[in-house]
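So you can see what is in the structure, the chains are spelled out below.
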Amino acid sequence: MKFTVAFILTALLSYAAGFYLPWWSIALAAFVVAVAIPQKPMKAFLAGFFSLFVLWVVLALYIDFENQHILSMKIAELLFKSRSHALIVGVTGLVAALVGGFAALSGAYLRLNK
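So, here is what we can say about the structure in this document.

Points about the nonpolar core
Ile26, Ala30, Ala34, Ala44, Leu52, Leu55, Ala96, Ala103, Ala104 and Ala108 form the largest nonpolar core, which has 10 residues in total. Looking at this core, the elements that each hand over two or more residues are α2 (25-36), α3 (41-66) and α5 (85-112). Ignoring any residue separated from it by four or fewer positions in sequence, one finds Ile26 in contact with Ser14, Leu52, Trp56, Ala96 and Val99. Of all hydrophobic cores here, the second largest spans five residues; its members include Ala60, Ala76, Ile88 and Val89.

Points about α5
End to end, α5 covers 41 Å across 28 residues, agreeing with the expected 40 Å (1.5 Å per residue, within 8%). Along α5, the positions that sit buried rather than exposed are Ile88, Val89, Gly93, Ala96, Ala97, Gly100, Gly101, Ala103, Ala104, Leu105, Gly107 and Ala108. Those residues of α5 that are buried are in contact with α2, α3 and α4 (70-80).

Here we look at the pattern of salt bridges
If you walk through the whole model with that rule in mind, you get one salt bridge. Here Arg83 ties to Glu77 by a salt bridge, and the two come within 2.8 Å at their closest N and O atoms.

Some thoughts on the side chain of Ser51
Here Ser51 is to be found in helix α3. What makes Ser51 buried here is its relative accessible area of 1%. Each residue touching Ser51, except ones within four places of it in the same chain, is listed here: Phe7, Thr10, Ala11 and Leu46.

Considerations on the packing of helix α1 (residues 2-20) against α2
Angle between the axes and distance between the axes are the two parameters that describe a pair of packed helices. α2 packs onto α1 with a crossing angle of 145 degrees between their chain directions and a minimal axis gap of 8 Å. Note that α1 runs across α2; the crossing there is right-handed. On α2, the residues touching Ala6, Leu9, Thr10, Leu13, Ser14, Ala17 and Gly18 of α1 are Ser25, Ile26, Ala29, Ala30 and Val33. A breakdown of the residues in the contact of α1 with α2 according to their chemical character gives eight nonpolar, four polar and no charged.

What about the packing of aromatic side chains?
Taken as a whole and judged by the stated rule, the model has six aromatic pairs. Judged by centre distance (5.3 Å) and plane angle (90 degrees), the ring pair of Phe49 and Phe50 falls under edge-to-face. The class of Phe50 is partly exposed, set by a relative accessible area of 39%.

Overview of unusual backbone geometry
Despite not being glycine, His69 shows a phi value in the positive range, around 65 degrees. Mapping His69 onto the fold places it in the loop between α3 and α4. At Lys81, a position not held by glycine, the phi torsion is positive, near 55 degrees. Along the polypeptide, Lys81 turns up in the loop between α4 and α5. Residue class for Lys81 comes out exposed when judged on its relative accessible area of 74%.

Basis of the calculations
- Residues numbered from 1 in each chain as written.
- Predicted model: local features only at pLDDT ≥ 70, side-chain atom pairs only at ≥ 80, totals over all residues.
- Heavy atoms only, no water.
- Core = buried A, V, L, I, M, F, W, Y, C linked by side-chain atoms within 4.5 Å.
- Buried < 20%, exposed > 50% of the residue type's maximum accessible area, 1.4 Å probe, protein only.
- Helix = DSSP H or I, 4+ residues; strand = E, 2+ residues; numbered from the N terminus.
- Contact = heavy atoms within 4.5 Å.
- Expected span 1.5 Å × (residues − 1).
- Salt bridge = Lys/Arg side-chain N within 4 Å of Asp/Glu carboxyl O.
- Axes fitted to C-alpha atoms, helices over the stretch in contact; angles between N-to-C directions.
- Left-handed = near helix turned anticlockwise from the far one by under 90°.
- Nonpolar A, V, L, I, M, F, W, Y, C, P; charged D, E, K, R; others polar.
- Phe/Tyr/Trp six-rings, centres within 6.5 Å; stacked < 30°, edge-to-face > 60°.

Next up, the structure:
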């Protein structure tokens, strides 16, 4: 139950913070949720990781579909020598997931050391 609450709360706080703060505010949201909701470090990492992966992939896909994959295919071609828009969306999700996961892990370890 705590995992589900942390998953949803991390996604909601990250989404809301994205309107007013820079992109790295997702780390602050994951950190705060991990400090507020007591979990084992691995579960906190997974909650932050999967929550932000899902959030950023959904947001990236929405933006990608709105412009008919034009920008993502050009960026994928520049970075990966491939015209796969799915690859760039996946990499975007992975970056956000790692940031969120490690921020949540830091929050869980901080809570253990109190």
